[in-house]
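Listed here are the chains, written in short residue letters.
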Amino acid sequence: MKNVDQWKPTKFERTDKGVWRSNREEVPARSRLIADRLASVYATAIATHAKGRLADLGCGAVPLYGIYRDYVSDVFCVDWPGSTHGTAYVDLFADLNEQLVLEEGSFDTIIASDVIEHLHTPQALFDSAARALRPGGKLILGAPFLYWLHEVPHDYHRYTRFALDRMAAKAGLSTIELSSYGGVTDVLSDLATKAVSTRPWIADSVYWLTRLMRALPPVEKLGLATRESMPMGYLLVAEKPSAPSASRGS
């Protein structure tokens with residue numbers, strides 16, 4: 001990772017209690033809810049699955065670096081030259097819609113955090129990851145579902161859990177975790193905040209009001225009950241199968 005000494009937290013921050021959440025100074029009110037959810041799901045997945053040499057695809061400002069740096073030995077960042085999130089940390093400039101020029105079997109972990117919806121040819125990312133992972137290596141991928149258009153015009157798809165699982169399988173990866181986050185209460189709260197995003201002080205008030213409402217037991221229960229049918233998004237962890245053992249001679 002280039003310029004690692006210059007890195008600073010952007011999207012996510014760690015509280016004094018050790019909990020990851022949206023960075024209140026960097027993330028506007030309209031994006032805090034989903035950033036809070038993502039901070040939690042990525043932190044859990046990374047703590048469980050990340051190790052060794054890691055490639056961050058569509059890295060941008062490398063918002064997850066603070067979460068995964070203590071779990072990995074080396075970080076390699078990939079993004080396109082025109083990234084709206086900056087290119088200070090990019091080791092390889094590439095079009096993620098194409099097969100990436102990464103050494104075969106050279107990574108233990110690959111992360112693609114909320115980038116796949118911006119690819120018009122998403123299977124290429126799965127195929128590139130499968131080729132670059134070592135046997136037993138894992139792809140950690142996040143994708144929004146019930147979420148507004150963003151980074152237009154480069155916002156092409158929304159994927160169900162079935163589509164994500166199929167693309168992983170087509171690349172030869174085995175899905176070991178595929179979880180949803182959010183639910184109808186999160187989705188509606190997120191939309192309400194975004195609807196008034198042009199007036200930041202109102203959006204901030206709506207964010208805190210809906211946060212209090214979602215903490216009410218009946219509302220929280222509704223959110224959990226609808227997380228599978230009306231999710232904000234998904235977190236996929238897929239593994240490259242280990243090489244088959246060589247048969248023993250007689």
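Residues numbered from 1 in each chain as written. Predicted model: local features only at pLDDT ≥ 70, side-chain atom pairs only at ≥ 80, totals over all residues. Heavy atoms only, no water.

A. Inspection of the overall build of the chain at higher detail. On a plain count of helices and strands, the chain comes out with 7 helices and 9 strands. Rg of the C-alpha trace for the chain: 19 Å, near the compact-globule value of 18 Å for 250 residues, within the 12% margin. Principal-axis analysis of the C-alpha atoms places the extent of the chain at approximately 70 × 40 × 40 Å. Relative to its 250 residues, the chain shows a buried fraction of 50%. Counted over contacts in the chain with a minimum sequence separation of 6, partners at least 24 positions apart contribute 69%. (Helix = DSSP H or I, 4+ residues; strand = E, 2+ residues; numbered from the N terminus. Rg over C-alpha atoms; globule rule 2.2 N^0.38 Å. Buried < 20%, exposed > 50% of the residue type's maximum accessible area, 1.4 Å probe, protein only. Contact = heavy atoms within 4.5 Å.)

B. Expanded view of the nonpolar core. Within the largest apolar cluster, 39 residues are counted, with the highest numbers of intra-cluster contacts made by Ile46, Val62 and Tyr68. Elements with a minimum of two residues in this core: α1 (29-49), α2 (65-68), β4 (74-79), α6 (200-214) and β9 (233-239). When residues of this core are assigned to their parent elements, the largest contribution, 11 residues, is made by α1. With near-sequence residues (within four places) excluded, Tyr68 lies in contact with Ile46, Leu54, Asp56, Val62, Val75 and Ile111. By size, the runner-up hydrophobic cluster in this structure holds 33 residues, among which are Ala94, Ile110, Leu119 and Phe126. (Core = buried A, V, L, I, M, F, W, Y, C linked by side-chain atoms within 4.5 Å.)

C. Geometry of the side chain of Ser197. One can find Ser197 in the loop between α5 (184-195) and α6. Here the side chain of Ser197 touches Lys194 through a polar contact of 2.9 Å, landing on its backbone oxygen. The contact partners of Ser197, leaving out residues within four places of it in the chain, are Arg30 and Ala203. (Polar contact = N/O pair within 3.5 Å; in protein donor to acceptor, adjacent residues only side chain to side chain.)

D. The arrangement of the pattern of salt bridges in detail. Taken as a whole and assessed by the stated rule, the structure comprises 10 salt bridges. Put simply, Arg53 and Asp74 hold a salt bridge, and the shortest N to O gap is 3.1 Å. Highlighted residues: Arg53 in strand β3 (residues 53-57) and Asp74 in strand β4, separated in sequence by 21 residues. Looking at Arg53, the relative accessible area reads 24%, which means it is partly exposed. (Salt bridge = Lys/Arg side-chain N within 4 Å of Asp/Glu carboxyl O.)

E. Molecular detail of the sheet that holds β4. Spatially, the 7 strands line up as an open sheet ordered β5-β4-β3-β6-β7-β9-β8, and their pairing is mixed. Where the open sheet ends on each side, the last strands, each with one partner, are β5 (92-93) and β8 (174-181). As paired elements, β8 and β9 share 7 bridges and run antiparallel to each other. Its bridge partner lying in β9, Glu177 is registered against Val237. (Pairing = 2+ DSSP bridges.)

F. Expanded view of unusual backbone geometry. Residue Pro153 follows Val152 across a cis peptide bond; omega there is 10°. Take Pro153: it is sitting in the loop between β7 (133-144) and α4 (161-170). The backbone of Val62 shows a phi angle near 55°, a positive value even though the residue is not glycine. Note that Val62 resides in the loop between β3 and α2.

G. Expanded view of α1. Over its 21 residues, α1 runs 30 Å from end to end, which matches the ideal 30 Å to within 8%, given 1.5 Å per residue. Ala35 marks where α1 bends most, by close to 25°. Within α1, 15 of the 21 residues are buried, leaving the element largely enclosed by the surrounding structure. (Expected span 1.5 Å × (residues − 1). Bend = angle between axes of the 7 residues up to and from the residue.)

H. A look at the packing of α1 against α5. Remark: α1 packs on α5, axes separated minimally by 7 Å, with the N-to-C direction vectors making an angle of 155°. Classified by the angle their axes make, α1 and α5 are roughly antiparallel. Residues Ala29, Arg30, Ser31, Leu33 and Arg37 of α1 form the contact with α5, whose own contacting residues are Asp186, Ser189, Asp190, Thr193 and Lys194. Its residues assigned to classes, the contact of α1 with α5 comprises 2 nonpolar, 3 polar and 5 charged. (Axes fitted to C-alpha atoms, helices over the stretch in contact; angles between N-to-C directions. Parallel < 35°, antiparallel > 145°, perpendicular 65-115°, else oblique. Nonpolar A, V, L, I, M, F, W, Y, C, P; charged D, E, K, R; others polar.)

I. Representation of the pairing of strand β6 (residues 107-113) in the model. Most of β6 is tucked away: 7 of the 7 residues are buried. In this structure, β3 lies alongside β6, joined through 3 bridges in parallel fashion. In the sheet register, Asp56 faces β6, and the bridge partner there is Ile111. Handedness of the crossover is the feature at issue here: the chain leaves β6, passes through helix α3 (residues 123-132), returns alongside β7, and the resulting connection is right-handed. (Right-handed = clockwise from strand over helix to strand, strands pointing away.)

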